[in-house]
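# Remarks on the overall topology
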Amino acid sequence: MRIGQGYDVHKLVEGRRLILGGVDIPYEKGLLGHSDADVLVHAVMDALLGAAALGDIGKLFPDTDPAYKDISSIKLLEHVGKLLEEKGYVIENIDATVVAQRPKLAPYREEMRENMARALHIEKDQIGVKATTEEGLGFTGRGQGISSSAITLLTTVQDYCYYDRMQEEKGSCPGCGGCRNIE
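Let us look at the structure shown here. (Residues numbered from 1 in each chain as written. Predicted model: local features only at pLDDT ≥ 70, side-chain atom pairs only at ≥ 80, totals over all residues. Heavy atoms only, no water.)

Between its terminal C-alpha atoms helix 1 (residues 39-51) stretches 18 Å, which fits the 18 Å expected from 13 residues at 1.5 Å a residue. Turning to helix 1, its buried residues are V39, L40, V41, H42, A43, V44, M45, D46, A47, L48, L49 and A51. Two residues or fewer after helix 1 comes A53, characterised by a positive phi angle close to 55 degrees. (Helix = DSSP H or I, 4+ residues; strand = E, 2+ residues; numbered from the N terminus. Expected span 1.5 Å × (residues − 1). Buried < 20%, exposed > 50% of the residue type's maximum accessible area, 1.4 Å probe, protein only.)

Quick look at helix 4 (residues 109-120) now. Here helix 4 is 12 residues long and its end C-alpha atoms lie 17 Å apart, about the 16 Å a rise of 1.5 Å per residue gives. Looking only at helix 4, the buried set comprises M112, R113, N115, M116, A117, A119 and L120. Backbone geometry just downstream of helix 4 places H121 in the positive-phi region, at approximately 55 degrees.

Let us look at a nonpolar patch on the surface. Residues Y7, V9 and F139 make up a contiguous nonpolar surface patch of about 260 Å² in total accessible area. Mapping Y7 onto the fold places it in strand 1 (residues 2-13). (Patch = residues over 30% accessible without salt bridge, like charges linked within 9 Å, V, L, I, M, F, W, Y side chains within 5 Å. Areas by Shrake-Rupley, 256 points an atom, 1.4 Å probe, with all protein chains shown as cover. Salt bridge = Lys/Arg side-chain N within 4 Å of Asp/Glu carboxyl O.)

Applying the stated criterion across every chain yields a total of one aromatic pair. The interplanar angle of 80 degrees and the centroid separation of 5.3 Å between the aromatic rings of F61 and Y68 together place this pair among those described as edge-to-face. Per residue, the accessibility class of F61 equals that of Y68, and both read buried. (Phe/Tyr/Trp six-rings, centres within 6.5 Å; stacked < 30°, edge-to-face > 60°.)

Here we take up the nonpolar core. One finds L20, V44, L48, L77, L84, M116 and I146 to be the most contacted residues of the largest nonpolar core, which totals 46 residues. Breaking this core down by element, the ones donating at least two residues are strand 2 (18-20), strand 3 (23-25), helix 1, helix 3 (73-86), strand 5 (89-99), helix 4, strand 6 (127-132) and strand 7 (145-156). Ignoring sequence-local partners within four residues, the contact set of L48 consists of L77, V80, L84, I91, I94, L120, T152 and L154. (Core = buried A, V, L, I, M, F, W, Y, C linked by side-chain atoms within 4.5 Å. Contact = heavy atoms within 4.5 Å.)

A few words on the pairing of strand 6. Where strand 5 lies against strand 6, six bridges are found, and the strand directions are parallel. By the bridge assignment for strand 6, T97 is matched with K130. Crossover connection from strand 5 via helix 4 to parallel strand 6: handedness right-handed. (Pairing = 2+ DSSP bridges. Right-handed = clockwise from strand over helix to strand, strands pointing away.)

Spelled out as structure tokens, the structure:
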């Protein structure tokens, strides 16, 4: 098992859309960044990349590369998911928290979970998204920005396939497509 932690923060500015978890949220300000500045997805990507020891989003998607200008972070998350799959990792779960004084995010959390689950080809119930305020304290409390943190647990495909136990119980492995024990 491998655990990863991610964190991101972006400044709120006028003239930008507010995208969180791939959801376009109606609000008078949006997050400033090279991509769509989706702090939730960025924190999740950094947690996943960290758990797999694959660097971070700055290394993978540098803000100096015009290819990533205004790109959807959900598209970048899809790429991270493919990298994990290529390296033989299985996502057990993701738990994320968004810190924002406003707007209220409760109405959008389920769609955020669905968007990220779809991008990673996992079940929605493997992703938790929470939202909180800082009671008016700090830069998020003053409405100057939004931050997010995430933690994830990965396993390898070999650990995920319980071949030996299945051999004993059923007589053969039905195969998950990832282990070397398929005959």
